[in-house]
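Working through the structure, step by step
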There are 2 protein chains.
Amino acid sequence: MKLYEKLATKLEEQIRSGIFLPGDRIPSVRQTSQQHQLSIKTVLHAYLLLESKGVVQSRPKSGYFVHPECVTGQTPAHELRAAKPIAVSAQVDVSRLVLSTLRSIHNDAIPLGSPYPDPSLFPVQKIDAYGATIGRRNAPWGAADELPPGNPELIRQIAKRYAENGQAVDPNEIIVTIGATEAINLCLQAVAKPGDTIAVESPTFYAMLHAIERMGLRAIEVPTHAKKGIDLVALARIFKQERVAACMVMPNFQNPLGFRMSETNMQRLVDLSARHAVPLIESAVYNELYFGDLRPTSLKALDKHGLVLHCSSFSKSLTTGHHIGWAIPGRFRDQVEKLKFLNTLTTPSIAQKAIAEYLNHERYEHHLRRLRKTYEQNANLMRTTIERYFPEGTRTSHPMGGYVLWVELPPQVDSLTLYERALERQITLGPGYMFSTSNAYGNCIRLNYSYAWSTAIENALITLGELTAHLQHAQEPRRRIP
Amino acid sequence: MKLYEKLATKLEEQIRSGIFLPGDRIPSVRQTSQQHQLSIKTVLHAYLLLESKGVVQSRPKSGYFVHPECVTGQTPAHELRAAKPIAVSAQVDVSRLVLSTLRSIHNDAIPLGSPYPDPSLFPVQKIDAYGATIGRRNAPWGAADELPPGNPELIRQIAKRYAENGQAVDPNEIIVTIGATEAINLCLQAVAKPGDTIAVESPTFYAMLHAIERMGLRAIEVPTHAKKGIDLVALARIFKQERVAACMVMPNFQNPLGFRMSETNMQRLVDLSARHAVPLIESAVYNELYFGDLRPTSLKALDKHGLVLHCSSFSKSLTTGHHIGWAIPGRFRDQVEKLKFLNTLTTPSIAQKAIAEYLNHERYEHHLRRLRKTYEQNANLMRTTIERYFPEGTRTSHPMGGYVLWVELPPQVDSLTLYERALERQITLGPGYMFSTSNAYGNCIRLNYSYAWSTAIENALITLGELTAHLQHAQEPRRRIP
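Quantities reported herein were computed from a predicted structural model and do not represent experimental measurements.

Along its length, chain A carries 16 helices and 15 strands. A compact globule built from 482 residues would reach a C-alpha radius of gyration of about 23 Å, and chain A, at 23 Å, matches this within 12%. Seen through its principal axes, chain A has C-alpha atoms that stretch 75 × 50 × 40 Å. Per-residue burial for chain A yields a buried fraction of 64% across its 482 residues.

On to the interface of chain B and chain A, then. Facing the 57 residues of chain B at the interface are 56 residues of chain A. Summed over both partners, the interface of chain B with chain A comes to about 4800 Å²; 61% of that surface belongs to carbon and sulfur atoms. Across the chain B-chain A interface, the total number found is five salt bridges. When the shortest N-O distance is used, the salt bridge between A:E337 and B:R103 registers 2.8 Å. Counting the contacts that link chain B with chain A gives 18 residue pairs in polar contact (both at pLDDT 80 or more). Partitioned by chemical class, the residues of the side of chain B that touches chain A number 27 nonpolar, 19 polar and eleven charged.

Once that is clear, we can look at the sheet that holds strand 15 (residues 444–448) of chain B. Residue and element names in this part refer to chain B. Taken in spatial order, the four strands of this open sheet run 12-13-15-14, and their pairing is antiparallel. Edge strands, defined here as strands with exactly one partner in the open sheet, are strand 12 (395–396) and strand 14 (430–431). As paired strands, strand 14 and strand 15 are joined by two bridges and run antiparallel to one another. Looking at strand 15, one finds that G430 is bridged to R446.

The next point concerns the sheet that holds strand 14 (residues 430–431) of chain A. An order of 12-13-15-14 (chain A) is seen for the four strands of this open sheet, with the pairing classed as antiparallel. Each end of this open sheet is capped by a strand with a single partner; those strands are strand 12 (395–396) and strand 14 of chain A.

Our focus in this paragraph is the pattern of salt bridges. All names here are of chain A. Under the criterion given, the structure shown has 40 salt bridges over all chains. Measuring nitrogen to oxygen at the nearest pair gives 3.8 Å for the salt bridge that ties E424 to R425. A residue is classified by how much of its surface remains accessible, and E424, at 59% relative accessible area, is exposed. Judged by its relative accessible area of 44%, R425 is partly exposed. Among the charged side chains, a salt-bridge network with shared partners connects R161, E164, E288, E365, R369 and R372.

For the rest of this paragraph, the subject is the relation of the copies chain B and chain A. Two copies of a chain can be linked by a rotation about an axis combined with a shift along that same axis. Least-squares fitting of chain B to chain A yields an RMSD of 0.2 Å, with the superposition described by an axial translation of 0.0 Å and a rotation of 180 degrees. One copy is carried onto the other by what is essentially a two-fold rotation axis. Among all residues of chain B, the minimum C-alpha distance to the rotation axis is found for B:A132, at 3.1 Å. Same-surface contact between copies: 98% of interface residues of chain B are shared with the interface of chain A.

Quick look at the environment of A:R59 now. Residue and element names in this part refer to chain A. Here R59 lies in strand 1 (residues 56–59). On a C-alpha basis, the gap between R59 and R25 in space is 9.9 Å, while along the polypeptide they are 34 residues apart. Setting aside its immediate chain neighbours within four residues, R59 contacts G23 and F65.

Quick look at the pairing of strand 5 (residues 197–202) of chain B now. Residue and element names in this part refer to chain B. Within strand 5, six of the six residues are buried, which leaves the element mostly enclosed by the surrounding structure. Judged from the six bridges that link them, strand 5 and strand 6 (residues 218–225) form a sheet pairing that is parallel. Bridge pairing in strand 6 places A199 opposite I220. Where strand 5 lies against strand 8 (residues 246–249), three bridges are found, and the strand directions are parallel. Looking at strand 8, one finds that V200 is bridged to M248.

Before going further, it helps to examine the pairing of strand 15 (residues 444–448) of chain A. Residues and elements named next belong to chain A. Burial analysis of strand 15 places five of its five residues in the buried class, the great majority of the element. Residues of strand 15 alternate between two faces, with C444, R446 and N448 on one and I445 and L447 on the opposite face, all of them buried. The pairing of strand 13 (residues 404–408) with strand 15 spans five bridges and is classified as antiparallel. Paired with V404 across the two strands is N448, which belongs to strand 15.

Residues and elements named next belong to chain A. Contact geometry for helix 9 (residues 232–241) and helix 10 (residues 263–276): axes closest at 11 Å, N-to-C directions at 5 degrees. Taken together, the axes of helix 9 and helix 10 lie roughly parallel to each other. Of the residues in helix 10, those in contact with L232, L235, A236, F239 and K240 of helix 9 are N265, R268, L269, L272, S273 and H276. Grouping the constituent residues of the contact of helix 9 with helix 10 by class yields six nonpolar, three polar and two charged.

All names here are of chain A. Looking at the assigned domains, one finds that chain A contains domain 1 (3–66), domain 2 (95–121 + 366–474) and domain 3 (124–362). On a C-alpha basis, the centres of domain 1 and domain 3 stand 38 Å from each other. Tallying the contact residues gives six residues for domain 1 and seven residues for domain 3. Both sides together, the interface formed by domain 1 and domain 3 hides about 510 Å², and carbon and sulfur atoms give 58% of it. On inspection of domain 1 and its partner domain 3, the count reaches one salt bridge. Residues E51 and R237 are paired through a salt bridge, measuring 2.6 Å at the closest nitrogen-oxygen approach. If you look at where domain 1 meets domain 3, you find three residue pairs in polar contact (both at pLDDT 80 or more). At four residues, the largest contribution of residues to the side of domain 1 that touches domain 3 is made by helix 3 (residues 40–52). Classifying every residue of the side of domain 1 that touches domain 3 by side-chain character gives three nonpolar, two polar and one charged.

To continue, consider the packing of aromatic side chains. In the structure shown here, the tally under the stated rule is 22 aromatic pairs over all chains. Ring centres of A:Y286 and A:Y403 lie 5.4 Å apart, and the angle between their planes is 90 degrees; on these two criteria the pair is classed as edge-to-face. One end of the pair, A:Y286, is in the loop between strand 9 (280–283) and helix 11 (299–302); the other, A:Y403, is in the loop between strand 12 and strand 13, with 117 residues separating them in the sequence. The same class applies to A:Y286 as to A:Y403, namely buried. With a centroid separation of 6.3 Å and an interplanar angle of 85 degrees, the aromatic rings of A:Y358 and A:Y364 are classed as edge-to-face. Grouping residues by exposure puts A:Y358 and A:Y364 together as buried. One aromatic cluster in this structure is built from A:Y162, A:F314, A:W326, A:Y358 and A:Y364. Lying across the ring of B:F65, B:R59 places its NZ or CZ 3.9 Å from the centre.

What follows is about the packing of helix 4 (residues 95–103) of chain A against helix 8 (residues 206–214) of chain A. Residue and element names in this part refer to chain A. Helix 8 packs onto helix 4 with a crossing angle of 135 degrees between their chain directions and a minimal axis gap of 10 Å. Regarding the angle of helix 4 to helix 8, the classification is oblique. Crossing handedness for the pair helix 4 and helix 8: left-handed. Between helix 4, through S95, V98 and L102, and helix 8, the contact on the second element is made entirely by Y206, H210 and E213. The residue inventory of the contact of helix 4 with helix 8, partitioned by class, reads three nonpolar, two polar and one charged.

What follows concerns the confidence of the model for chain A. Residues and elements named next belong to chain A. Summarising the model, chain A shows a mean pLDDT of 89, and 91% of its residues fall at 70 or more. Note on residues 72–78: pLDDT is under 50 here. Beyond four places in sequence and across chains, it has ten contacts. Both confidence scores are given for the complex: pTM 0.81, ipTM 0.78.

Rules used throughout
Residues numbered from 1 in each chain as written. Chains lettered and ligands numbered in written order. Predicted model: local features only at pLDDT ≥ 70, side-chain atom pairs only at ≥ 80, totals over all residues. Heavy atoms only, no water. Helix = DSSP H or I, 4+ residues; strand = E, 2+ residues; numbered from the N terminus. Rg over C-alpha atoms; globule rule 2.2 N^0.38 Å. Buried < 20%, exposed > 50% of the residue type's maximum accessible area, 1.4 Å probe, protein only. Contact = heavy atoms within 4.5 Å. Buried area = accessible area lost by both parts, 1.4 Å probe. Salt bridge = Lys/Arg side-chain N within 4 Å of Asp/Glu carboxyl O. Polar contact = N/O pair within 3.5 Å; in protein donor to acceptor, adjacent residues only side chain to side chain. Nonpolar A, V, L, I, M, F, W, Y, C, P; charged D, E, K, R; others polar. Pairing = 2+ DSSP bridges. Least-squares fit on C-alpha atoms with pLDDT ≥ 70 in both. Axes fitted to C-alpha atoms, helices over the stretch in contact; angles between N-to-C directions. Parallel < 35°, antiparallel > 145°, perpendicular 65-115°, else oblique. Domains from an automatic or database assignment. Phe/Tyr/Trp six-rings, centres within 6.5 Å; stacked < 30°, edge-to-face > 60°. Lys NZ or Arg CZ within 6 Å of the ring centre and 35° of its normal. Left-handed = near helix turned anticlockwise from the far one by under 90°. pLDDT = per-residue confidence, 0-100.

Right under this line is the structure:
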């Protein structure tokens, strides 16, 4: 545990014990710094952490106070605990764990740990049929068609799709990439240079951490509410305190929490980024997978300054096998196009053209409607099953879209140990360690509910519940990422 | 012109004029430095340049002497002039020019400027047919199959192909990538960090410069002989003089010069790299396209220290549309695998499997034999046509494999001006500026001879010859890269 985490724990214990009451002013940063012989920075981080957990609140020019609604008892059941600690400007190295987790997802295992959607719900054969036709009439000198920014017809179809979703996008701003992974990488490289610090949600989708790790940058994890998204007050303070080269977020159906930021908060985030001239890298890969009738907007749609670099792909909604994504990088368009050319030269043309043909001739919206309905049903089934079979103290997220559930297990349970035990029973899961540079989510797991609901999946969840209960009482020590 | 280039020109004029005779000792570096009021480094670079041009030679502990075979008259006709100046540790930014050149290659233009092979000679339909079959039996949970290092069956087929070519390769060392472009990028990233200097051939394939540009590194261009390859004496001196993080070469059928390094020189290069612990990044994309009966070896095959990072792909020999390449990175294998995961996560599975099926069931070697024969014939036809129709002072390379020809035009002719004039007539070409960070190859062009020989191509060459003759007498000033 880091110094500031220790301090925060100590202060929180004091508050919870009743030394300070809701609304009480707590000692100033300077006082606490002197009293505990800690640096101002450490104390500030501790206070920020307490604020993010809803324990204290700051009032301009007055100092810090115990939050009026600070609960001194237990967190209500079936509610995720509030936002987690920030990891301060940490070196990033999660890819090894993520890779070994993904490798565990083979055909004979229950793919609860998979980040991929069930392809059996996707029109794979239709797209492949278009691909085969295109292959047969393969133009001999058509290679230049694949050069950045990408196949013109696919770009037109992508822009059309945004228009159908009520968002105006300039087709000239779109750069086709090898999935959203490359889009995110290139966007980050366009705005950051080695040594920079990048703000991310906490927990965050590991693709963000990978992009940071790829460039050897530092991550600062911002408390993120399980239902509201990134803590804008904390983020504003970070923007004031240090130079942040970019902020990477997933405002809709965040992986792993599944929240949907309100349009008001999305607008605030865009304004905040504009005020501090910090580019926002937005992953929108789940935007088509919303529950209910209200189509989500995007940071991109609210941005007037070209500071949002919007990334998405077809891999979560149409085809997993083709790895076609895109970036809409605002004022950084030319840099991203150049980096795309340098990184992978071109994007395979048959895949681009096949998807363009599908979008042009088939009923994408119809496919999506079915997909959304299935995912929403599966999310409810999985939550209910977990509530029934997992031990007390387990909490689950309430996803508003996408296909992953975040499960907070009792604090004694280590997700890596659970992962290993589950794997022995041919069940995969996503250990919480993948979603942070800290060990803050060691007792959390991510589960995939895109696969058709079945007895096999229900039984896998029951087994996971039993394993969790066992680990809860085994008192094995919590682990750290190796 | 840089200081060292000016000095070299001056000294060469002195030597050519007869002040110094072949075998004469020329003034020491220190003397020349004092005499011309230039730094030791500048004089050393000038001497290195003169050495690379065959004007002087150095003798250990004795100094520099006029080369015994130094010709004082004109260079013999139809021989490429010797290696070109080194550009010293330059910032790299050639991608804009390369991208705009590649964009000019559309279906209605004669693709002499294309870097791609004519796909009509490739078994594209067979591979697509395998792809379609694989698409239909798409395994629902098979996504993990594509994770780095790549599809196991494709990796096995790649290793088998090396074995057929007489080279033992450990399948566990192979990492599948998005074409050789990604392989080269990842290999460079595995061994270099921002600020490092990378040694490359001069002229060099622009993919090398792109990889350097992508990471914001510096390039030092090493004189490279049109028939023998990189100047090992110059390279050894550079290794002694400064810290070089890697050396990037293309020992077989280099793009653009087409030479084939002798096995002796390849072994020397490998030994030199081992002595200085400088990793060698080897592009072997044309290795299957040799002329004559002798299969080429590779640096990889001669390496005993794991210092060679070998990169290749199927894009030049089997299919341009699938972008499947691979790296065999020696002792840097794990870093490259991790970077692959971070850069593009996975490589599309259908493309990997389709190529694996082709290699397993079809006659790859038979296809290649036909390809090699066609390319060798085309190379001769193109050289003969250029000798007939281009003005005096034009020289061409003698490619030993691959499908590109390097043409040195009379020194007055600017290749970018020629490129623009040619484009007006629907003819593309590769301007020499793409192959260096300096303007040393402003009067050179690269031409693609992979396309079926035709009257259209012959006429295009005749037109290029006329345009060249016109520019030679127009006395337009040489240009610099914008």
